[in-house]
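# Results of the structural survey
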Amino acid sequence: ELKVEQNPLFLSMQEGKNYTIYCNYSTTSDRLYWYRQDPGKSLESLFVLLSNGAVKQEGRLMASLDTKARLSTLHITAAVHDLSATYFCAVAASGTYKYIFGTGTRLKVLA
Amino acid sequence: GAVVSQHPSRVICKSGTSVKIECRSLDFQATTMFWYRQFPKQSLMLMATSNEGSKATYEQGVEKDKFLINHASLTLSTLTVTSAHPEDSSFYICSASSGVSSYEQYFGPGTRLTVT
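Residues numbered from 1 in each chain as written. Chains lettered and ligands numbered in written order. Predicted model: local features only at pLDDT ≥ 70, side-chain atom pairs only at ≥ 80, totals over all residues. Heavy atoms only, no water.

## Observations regarding the side chain of S42(A)
Heads up, the rule is: Secondary structure counts use DSSP, requiring at least four H or I residues in a row for a helix and at least two E residues in a row for a strand, with both numbered from the N terminus. Here the term buried applies to any residue with accessible area under 20% of the maximum for its type, exposed to any over 50%, and partly exposed to those in between, with areas from a 1.4 Å probe on protein chains only. Identification of polar contacts relies on pairs of N or O atoms within 3.5 Å, with a donor-acceptor requirement for protein atoms, meaning one able to donate a hydrogen and the other able to accept it, and with residues adjacent in sequence counted only if both atoms are side-chain atoms. Note on contacts: a residue pair is in contact if any heavy atoms of the two residues lie within 4.5 Å.
Following the sequence through the fold, S42(A) ends up in the loop between β4 (31–37) and β5 (43–49). Judged by relative accessible area, which is 11%, S42(A) ranks as buried. A distance of 2.4 Å separates the side chain of S42(A) from the backbone oxygen of G108(B), its partner in a polar contact. Those residues within four positions of S42(A) in sequence are excluded, and the remaining contacts are R36(A), Q37(A), F91(B), I93(B), F107(B), G108(B), P109(B) and G110(B).

## With respect to the interface of chain A and chain B
Just so we agree on the cut-off: By buried area we mean the combined loss of accessible area, with a 1.4 Å probe, across both parts when two parts are placed together. Between Lys or Arg on one side and Asp or Glu on the other, a salt bridge is scored when a side-chain nitrogen of the former is within 4 Å of a carboxyl oxygen of the latter.
In this complex, chain A contributes 19 residues to the contact, which on the side of chain B involves 24 residues. Across the chain A to chain B interface the summed buried area is about 1600 Å²; carbon plus sulfur atoms make up 58%. On inspection of chain A and its partner chain B, the count reaches one salt bridge. For E59(B), the salt bridge goes to K98(A), with nearest N and O atoms at 3.0 Å. Counting every contact that joins chain A to chain B gives six residue pairs in polar contact (both at pLDDT 80 or more). Breaking the side of chain A that touches chain B down by element, the ones donating at least two residues are β4, β5 and β10 (99–101) of chain A. With four residues, the single largest contributor to the side of chain A that touches chain B is β4(A).

## Notes on the pattern of salt bridges
Residue and element names in this part refer to chain B. Throughout the structure, instances matching the rule amount to four salt bridges over all chains. With a shortest N-O distance of 2.9 Å, K66 and D88 are connected by a salt bridge. A residue pair is termed long-range when its members are at least 10 positions apart, and K66 in the loop between β6 (57–58) and β7 (67–73) and D88 in the loop between β8 (76–81) and β9 (90–97) qualify at 22 residues. Of the two residues examined, K66 and D88, each falls in the buried class.

## Here's the deal with the sheet that holds β7(B)
Residues and elements named next belong to chain B. Put simply, the rule is: A pair of strands is considered paired only if DSSP assigns at least 2 bridges between the two. The convention used is that axes are lines fitted to C-alpha atoms, helices contributing only their stretch in contact, and that angles between N-to-C directions extend from 0 to 180 degrees.
Spatially, the four strands line up as an open sheet ordered β1-β3-β8-β7, and their pairing is antiparallel. Lying at the two open borders of the sheet, with one neighbouring strand each, are β1 (4–7) and β7. The sheet shows a mean angle of 15° between the axes of neighbouring strands, taken without regard to direction. Sheet topology places β7 next to β8; five bridges connect them, and they run antiparallel. Each bridged residue has a counterpart across the sheet, and for S73 the counterpart in β8 is L76.

## Regarding the pairing of strand β5 (residues 44–51) of chain B
Residue and element names in this part refer to chain B. Where burial is concerned, most of β5 is hidden: six out of the eight residues are buried. The sheet contact formed by strand β4 (residues 32–38) and β5 spans seven bridges and is antiparallel. Bridge assignment links R37 to a residue of β5, and that residue is M45. The turn joining β4 and β5, which pair antiparallel and follow one another in sequence, is formed by five residues; a positive phi near 60° is taken by K41. Following β5, the chain reverses through five residues before pairing antiparallel with β6; G53 in that reversal takes a positive phi of roughly 85°.

## Structural notes on the state of the cysteines
All names here are of chain A. The cut-off we apply is this: Disulfides are defined as pairs of cysteine sulfur atoms found within 2.5 Å of each other.
Counted under the stated rule, the structure contains two disulfides over all chains. Across the disulfide from C23 sits C89; the S-S distance is 2.1 Å. What sets the handedness of the C23 and C89 disulfide is the S-S torsion sign, and at about 80° it is right-handed. With C23 in strand β3 (residues 19–25) and C89 in strand β9 (residues 85–92), this residue pair connects regions lying 66 residues apart in the sequence. Look at C89 and you get buried, because its relative accessible area is 0%.

Right, dumping it as structure tokens:
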């Protein structure tokens, strides 16, 4: 059974600081997704990572995937208040359409 | 492209009544649609997977007689919560996949259900 863990669960950080959110998963997968969720809203797609070593960057966010270690990271550079949200990773087990979501990381960026 | 809508966005119903939520793919054909439930401050939990024209596949612990799913066309899936109770109050999110390229799911805006 595919299990997905994120850490930390909560993250409070000062503006301008850097931090990394980790997403570990338990079985083979070659598709990993990162989403942002604002309170009361649905999911906003951030990154789609489809191969080992994939790295994608958008603004202050950068995501990477290591399929051998079964690990993805979401790195935040020079955080700003607008990045405050909950971030989820989701992993699709090989050969299936189904996503298993991580526990989520609630990020609060303090001005 | 890849827009998914849900209707209604919010619904309040009385205990014991049924409520239907619609999920539509607006600009692509969705061979597979998914229904998720999200309780406050928790992650998304997959409830069921539906393929057009066939019965939905429910995840373990999800009552199929309580959560009726119909995927009658390539652009529409419905979730009916039957005999709703306060514990069914939740945020319901659907997603749709065209089944090609990266098998990516496109998420709807969600429906907030409150059962009184």
